[in-house]
Amino acid sequence: MAFSSHLLRLPLIPNSRFAPDFPYFNSSLLTKGYQRCCDRRRKERVLWRERGEKKSRVYERKRDWISRVCSFEGEETKNEIESESESEDCEEEASNSASVVSERWDVLGLGQAMVDFSGMVDDDFLQRLGIEKGRRKIINHEERGRLLRAMDGCSYKAAAGGSLSNTMVALARLGSGSVGCPHLNVAMAGSVGNDPLGEFYRAKLRRANVHFLSEPVKDGTTGTVIVLTTPDAQRAMLSYQGTSSTINHDPCLTDIISKTSILVIEGYLFELPDTTKTIAKACEDARRNGSLIAVTASDVSCIGRYYDHFWEIIGNYADIVFANINEARALCHFSTKDSAISVTKYLSHLVPLVSVTDGPSGSYIGVKGEAIYIPPSPCVPVDTCGAGDAYASGILYGILRGVSDLKGMGMLASRVAAIVVGQQGTRLRVQDAVELAESFEFHLKSSKICSDVGSDHISSI
């Protein structure tokens, strides 16, 4: 048990049952300072005991929760998920704005609504279950239940996940208005079932000031992603899609898009061909209303399977593309020998603004056939899951702020990604977001931003 440092410096006060061994001991000789020390030690002991009991109760609840989520049975499951949500929301915003529907959205994310189960495991765990490290795999309902039961006893966390929701939450926290700038209105549309996990997902996003605007699907099953991270910061992702990859185009979605400044399309949606029709209609709505359209590449294997669907949307509608180096190569049919800078330059001839990340080697932002190098921000990697999602939030934040300094915008995105990589979990914490926004604001004020197009600046995309 780790005690706070001030406890180690407390003077040793004889316990009353040892008083006979101290002939000169008399309670009247104790100073007020000593009495305060005694009181403090008693309070600390009580506090540590209560914390231990609370952790024990949470652990037992988690074990029960896993077995219930696997089968989705009963009203009790709903109560357990709500309880779990409350126990992990100590850093979530309590802003009243979360319950207010905006008349205008700065960013609308159209993507998979998934609940993440993120856990730390060793290589033996993956080998025992036949899971390949560093890969993403689609699993069925039975496989998901087996994996969740196997995670019993592991350190894990449940969160409203999905690649795009990570970006939206980070963006909402960067744009919380803490630096005196207007509050960013961030929303998502997607598909969740009317099941306990669907309610869990909506509640989590609402607490993070991201509005989930789609109605739950009757008799639908909310998708989940099990993210298993090994000590070398590599991850395996096992995705059970449920109804989360199916999005229908309806008048409600058209109305939402008409009030949106930037529409972000998640690449994972292309895994179901029928959804491509919805994406195309949504992009047509956005184009009619003058909204910018961004596409996340999401996954190499997804690009390989649905290459034509990706380029149908990117080639006809995309203003911005987010990809890592492997995804960018897949989009261009480049080999692993082709450098990140050459891939970025090539893509930027086809899309107005391109963001290509290359892990610890840094990243590039491409505009008009040119590529600007962004050095990596230093960090000790703990969990690489969510790095690209966090990076995209920094770019979107800079665009919404009207920044033309691509280098500064890229540096912010790099810092956001580094903070997420250096922690367990995919979400940018509230306090980190506030500090990043303040630092970026200072950068903007201390540098002269010009509107001329140069090697590091753009006037528009």
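One can find the structure itself at the top, above this paragraph.
Calculation rules
Residues numbered from 1 in each chain as written. Predicted model: local features only at pLDDT ≥ 70, side-chain atom pairs only at ≥ 80, totals over all residues. Heavy atoms only, no water. Buried < 20%, exposed > 50% of the residue type's maximum accessible area, 1.4 Å probe, protein only. Helix = DSSP H or I, 4+ residues; strand = E, 2+ residues; numbered from the N terminus. Pairing = 2+ DSSP bridges. Axes fitted to C-alpha atoms, helices over the stretch in contact; angles between N-to-C directions. Contact = heavy atoms within 4.5 Å. Phe/Tyr/Trp six-rings, centres within 6.5 Å; stacked < 30°, edge-to-face > 60°. Arc of directions from axis to C-beta.

Novice: Residue-level account of the pairing of strand S7 (residues 223–229), with values.
Specialist: Counting buried residues along S7, 7 of its 7 residues qualify, which places the element largely inside the surrounding structure. Here strand S2 (residues 114–120) runs beside S7; their pairing, made up of 7 bridges, is parallel. Bridging across to S7, methionine 120 finds its partner in threonine 229. Bridge count for S7 against strand S8 (residues 235–240) is 6 bridges, and the pairing is antiparallel.

Novice: Which residues make up the sheet that holds strand S14 (residues 370–374), and what values go with them?
Specialist: What the 9 strands build is an open sheet, ordered S6-S5-S1-S9-S10-S11-S12-S13-S14; its pairing is mixed. Where the open sheet ends on each side, the last strands, each with one partner, are strand S6 (210–212) and S14. For this sheet, the mean angle separating the axes of adjacent strands, direction not counted, is 20°. In the sheet, strand S10 (residues 292–296) pairs with strand S11 (residues 320–324) via 3 bridges, with the strands oriented parallel. Among the inter-strand pairings, threonine 296 is bridged to a residue of S11, identified as phenylalanine 322. Contacting strand S5 (186–189) and S6, helix H7 (residues 196–207) runs over the sheet at an angle of about 150° to S6. Along the sheet, helix H15 (residues 406–421) contacts strand S12 (353–357), strand S13 (363–367) and S14; its crossing angle with S14, the most-contacted strand, is approximately 45°.

Novice: How would you sum up the packing of aromatic side chains? Please name residues and give values.
Specialist: Describing an aromatic ring pair means giving the distance of the ring centres and the angle of the ring planes. With the rule as written, the count across this model stands at 5 aromatic pairs. Residues phenylalanine 270 and phenylalanine 310 carry aromatic rings whose centres are separated by 4.4 Å and whose planes lie at 35° to one another, so their mutual orientation is tilted. Here phenylalanine 270 is found in the loop between strand S9 (260–266) and helix H9 (273–288), whereas its partner phenylalanine 310 is found in helix H11 (residues 307–317), with 40 residues between them in sequence. Aromatic pair tyrosine 364 and tyrosine 373: ring centres 5.2 Å apart, planes at 55°, arrangement tilted. Looking at tyrosine 373, the relative accessible area reads 33%, which means it is partly exposed.

Novice: So, helix H5 (residues 141–150): which residues are in play, and what are the values?
Specialist: Those residues of H5 lying buried are Arg144, Gly145, Leu147 and Leu148. Down the axis of H5, the smallest arc covering the buried residues is 165°, so these residues share one side. The exposed set on the far side of H5, more than 90 degrees from its buried face, consists of Glu142 and Arg149.

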